[in-house]
Amino acid sequence: MGQNITSPDWVVKVTGLTKSFGNQRALRGIDLEVRPGEFIVIFGPNGAGKSTLLNVLAGIINPSSGSILIGGRSLQDNAEEVRRQIGVVSHQTFLYGNLTAYENLEFYSRMYDVPRCEERIEEVAAIVGMTSRLHDRVSTFSRGMQQRISIARALLHKPAIMLLDEPETGLDQQAIAMLWETLHADGAEKRSIILTSHNLERGFELGERLLVLDKGKIVYEVFKKDLDLDGLKTAYQQSTRVSQ
Amino acid sequence: MNFWRKVIAITWKDALSEMRTREIIFSVLVFTLLVIVIFNFAFGTSQEVIVLVAPGSLWVTFAFAGVLSLNRAFIPEKEQGCLEGLMACPISREIIYVGKVVSSLLFMLIIEAIALPIFAFLFNLPMLSLQVITITVLTTVGFVAVGTLFSALAVNTKAREMVLPILFLPIVVPIIIGAVEASGLALAGESWASFSSWLGIIVAFDAIFLVASFLVFAFVVEE
């Protein structure tokens, strides 16, 4: 189970990370450190490499070079152990439409070896406010409800790190508010979060440290306390224009 | 034990999903029965002709039914990014491969279990003998082992319905030839010894391609 990462300084340390798909270089030397409980937001235009970066950090795809340490362990050498510490919420829900919400959560509980999974499923369903719909098929849910079950899926194993890849895509304002409420529940204060987003306002509101990724490189990095939203907008425009 | 618990969880999830939609079993079964009936009419009532063409008809039917079934194997995993969801889990890629092989094998064996008695009835041949059943099961194992790997490869391509048979059928030609020859001898009432060499080829194919596909699967899904 997650939340047993004890490194005092950082939970994620990425050094010289690159990823290429054939001749196309999606990530070009990413260096990043994430401290325990820190909320990092990564902005960037389409094709900047945000999803690729999160997919590599989640252990879904392998990097071409560089090292990733999560909780002091190398992702490349201890992939299964490290993936146990990570929860992923994407714009895709990772849910099987023909199964009920309960069956989906039960399936993922087995994959993550969640102890007393029935209790935990009830717990996470209550957190996302979906207890009454647990035994309905996911395909009958609205996009917002599917995303709430997707969050429940990601919280099942109490991950120490949450990777959120544009989780707001396709959600209305109410569903977005519910999404962030949910993510702040269930021990979120101990959890490190890396969020990718197009939405500068929302990202600025949520994040502690803000990064801009463009063409596979981190082109701008700042702590929220050091600038305001207008400053972020200007910095975003300048940094993405300069790198073009 | 943990490996097999997770394999069973993947298989159970696929079986449950299939029970709800009956997408694979229903469409493949209709295809299989249609082909059997067409072959039955095409070859007439001469038992000599039927004995000669039955093994080929049987394996042409199963091969194309298999392609149809395997084409669907990874489609539910692509919808809503479920394959990525599985790959983010703390399980080895090999568990995903074995889980998908077991579910595809299960679906194929169910289709064959329904098709063989119908084939036996329409062609008046001993299709339900231990010999034919053994050949069918062993061939299906090899067929599915390779097919699952290529299905994972093809699912990321745009023309996946075309890509799978083009990549996959040339690889399984040896096992299909072995199955046709062994079934022909079994249906002609020959002893086990007469087709043991063909059976040996089928078993060797199963072993080689199960191990090779098991080892290669991680590269296929990660790259």
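Each remark here, short or long, concerns the structure printed above.
For the structure given in this document, a descriptive report is provided here.

Reading guide: rules and limits
Residues numbered from 1 in each chain as written. Chains lettered and ligands numbered in written order. Predicted model: local features only at pLDDT ≥ 70, side-chain atom pairs only at ≥ 80, totals over all residues. Heavy atoms only, no water. 1 Å grid on protein atoms, 1.4 Å probe; cavity = no way out; pocket = protein on both sides within 12 Å on 5 of 7 lines; lining within 4 Å. Points joined across faces, edges and corners; volume = space filled by probe spheres on them. Helix = DSSP H or I, 4+ residues; strand = E, 2+ residues; numbered from the N terminus. Nonpolar A, V, L, I, M, F, W, Y, C, P; charged D, E, K, R; others polar. Contact = heavy atoms within 4.5 Å. Buried area = accessible area lost by both parts, 1.4 Å probe. Salt bridge = Lys/Arg side-chain N within 4 Å of Asp/Glu carboxyl O. Polar contact = N/O pair within 3.5 Å; in protein donor to acceptor, adjacent residues only side chain to side chain. Buried < 20%, exposed > 50% of the residue type's maximum accessible area, 1.4 Å probe, protein only. Arc of directions from axis to C-beta. Axes fitted to C-alpha atoms, helices over the stretch in contact; angles between N-to-C directions. Parallel < 35°, antiparallel > 145°, perpendicular 65-115°, else oblique. Left-handed = near helix turned anticlockwise from the far one by under 90°.

### Thoughts on the layout of surface pockets
Right, so step 1: Each pocket or cavity is described by its volume, and for the largest pocket that value is around 510 Å³.
Right, so step 2: Those elements giving two or more residues to the lining of the largest pocket turn out to be α1 (50-57) and β6 (86-90) of chain A together with α5 (82-87) and α9 (196-222) of chain B.
Right, so step 3: Of the residues contributing to the lining of the largest pocket, the split by class is 9 nonpolar, 8 polar and 5 charged.
Right, so step 4: There is about 360 Å³ of room inside the second largest pocket.

### Here we look at the interface of chain A and chain B
Right, so step 1: Between chain A and chain B, the residue contacts involve 27 residues of the former and 29 residues of the latter.
Right, so step 2: The junction of chain A with chain B conceals about 2500 Å² of combined surface from both sides, 56% of it contributed by carbon and sulfur atoms.
Right, so step 3: By the criterion of area lost to chain B, the three top residues of chain A are A:Ile60, A:Tyr96 and A:Met111, representing 25% of everything that side buries.
Right, so step 4: Viewed at the interface, chain B and chain A are joined by 2 salt bridges.
Right, so step 5: Of the charged contacts, one joins A:Glu103 and B:Arg20 as a salt bridge, the two residues approaching to 2.8 Å between their closest N and O atoms.
Right, so step 6: Here chain A and chain B share 16 residue pairs in polar contact (both at pLDDT 80 or more) between them.
Right, so step 7: Within the residue set of the side of chain A that touches chain B, elements represented by two or more residues are α2 (79-83) and α3 (101-111) of chain A.
Right, so step 8: At 5 residues, the largest contribution of residues to the side of chain A that touches chain B is made by α3(A).
Right, so step 9: Its residues assigned to classes, the side of chain A that touches chain B comprises 12 nonpolar, 7 polar and 8 charged.

### Here we look at helix α4 (residues 117-127) of chain A
The periodicity of an α-helix, 3.6 residues per turn, causes residues three or four places apart in sequence to face the same way.
Residue and element names in this part refer to chain A.
Right, so step 1: When we look at burial in α4, the residues that qualify are Cys 117, Arg 120, Ile 121, Val 124 and Ala 125. Buried residues in α4, looked at end-on, bunch into an arc of 135 degrees, giving them a common side.
Right, so step 2: Those residues of α4 hidden inside the fold are in contact with α3 and α5 (143-155).
Right, so step 3: Downstream of α4 by a residue or two, Gly 129 has a phi angle that is positive, lying close to 70 degrees.

### Here's the deal with the packing of helix α1 (residues 2-21) of chain B against helix α6 (residues 93-123) of chain B
Describing two packed helices takes the angle between their axes plus the distance from one axis to the other.
Residues and elements named next belong to chain B.
Right, so step 1: Packing of α1 against α6 leaves a shortest axis separation of 8 Å and a crossing angle of 45 degrees. The orientation of α1 relative to α6 falls into the category oblique. Here the hand of the crossing between α1 and α6 comes out right-handed. On the side of α1, the interface is formed by Phe 3, Trp 4, Lys 6, Val 7, Ile 10, Thr 11, Lys 13, Asp 14, Ala 15 and Glu 18, while α6 contributes Glu 94, Ile 95, Ile 96, Val 98, Gly 99, Lys 100, Val 102, Ser 103 and Phe 107.
Right, so step 2: Class assignment of the residues belonging to the contact of α1 with α6 gives a composition of 10 nonpolar, 3 polar and 6 charged.

### Comments concerning the environment of A:Gln237
All names here are of chain A.
Right, so step 1: The topology assignment puts Gln 237 in helix α8 (residues 229-243).
Right, so step 2: On the accessibility criterion, Gln 237 (47% relative accessible area) is partly exposed.
Right, so step 3: Each C-alpha atom, one on Gln 237 and one on Leu 99, is 44 Å from the other, the two residues being 138 residues apart in sequence.

### Some words on the pattern of salt bridges
Right, so step 1: Evaluation of the coordinates by the stated rule reveals 23 salt bridges over all chains.
Right, so step 2: Here A:Lys233 makes a salt bridge to A:Glu201, at a shortest N to O gap of 3.0 Å. With A:Lys233 in helix α8 and A:Glu201 in helix α7 (residues 200-206), this pair connects stretches of sequence that are 32 residues apart.
Right, so step 3: Residue classification places A:Glu201 among the partly exposed positions, given a relative accessible area of 40%.
Right, so step 4: Across the salt bridge formed by B:Lys13 and B:Asp14, the nearest N and O atoms sit 2.8 Å from each other.
Right, so step 5: Since its relative accessible area comes to 2%, B:Lys13 is described here as buried.
Right, so step 6: Look at B:Asp14 and you get buried, because its relative accessible area is 10%.
Right, so step 7: A network of salt bridges, in which partner residues are shared, links A:Arg35, A:Glu38, A:Arg209 and A:Glu221.

### Considering empty space enclosed by the protein
Right, so step 1: The final tally for this structure, using the stated rule, is 2 cavities of 30 Å³ or more.
Right, so step 2: Taken as a whole, the largest cavity encloses approximately 70 Å³ of empty space.
Right, so step 3: Lining the largest cavity are A:Leu99, A:Glu103, A:Glu106, A:Phe107, A:Arg110, B:Ala9, B:Trp12, B:Lys13 and B:Leu16.
Right, so step 4: Looking at the lining of the largest cavity, the elements with two or more residues in it are α3 of chain A together with α1 of chain B.
Right, so step 5: Classifying every residue of the lining of the largest cavity gives 5 nonpolar, no polar and 4 charged.
Right, so step 6: In this structure, the second largest cavity encloses a volume near 40 Å³.
Right, so step 7: Lining of the second largest cavity is provided by B:Trp59, B:Phe62, B:Ala63, B:Met108, B:Glu112, B:Thr139, B:Thr140, B:Phe143 and B:Ile176.
Right, so step 8: When contributions to the lining of the second largest cavity are tallied by element, the ones reaching two or more residues are α3 (47-73), α6 and α7 (130-154) of chain B.

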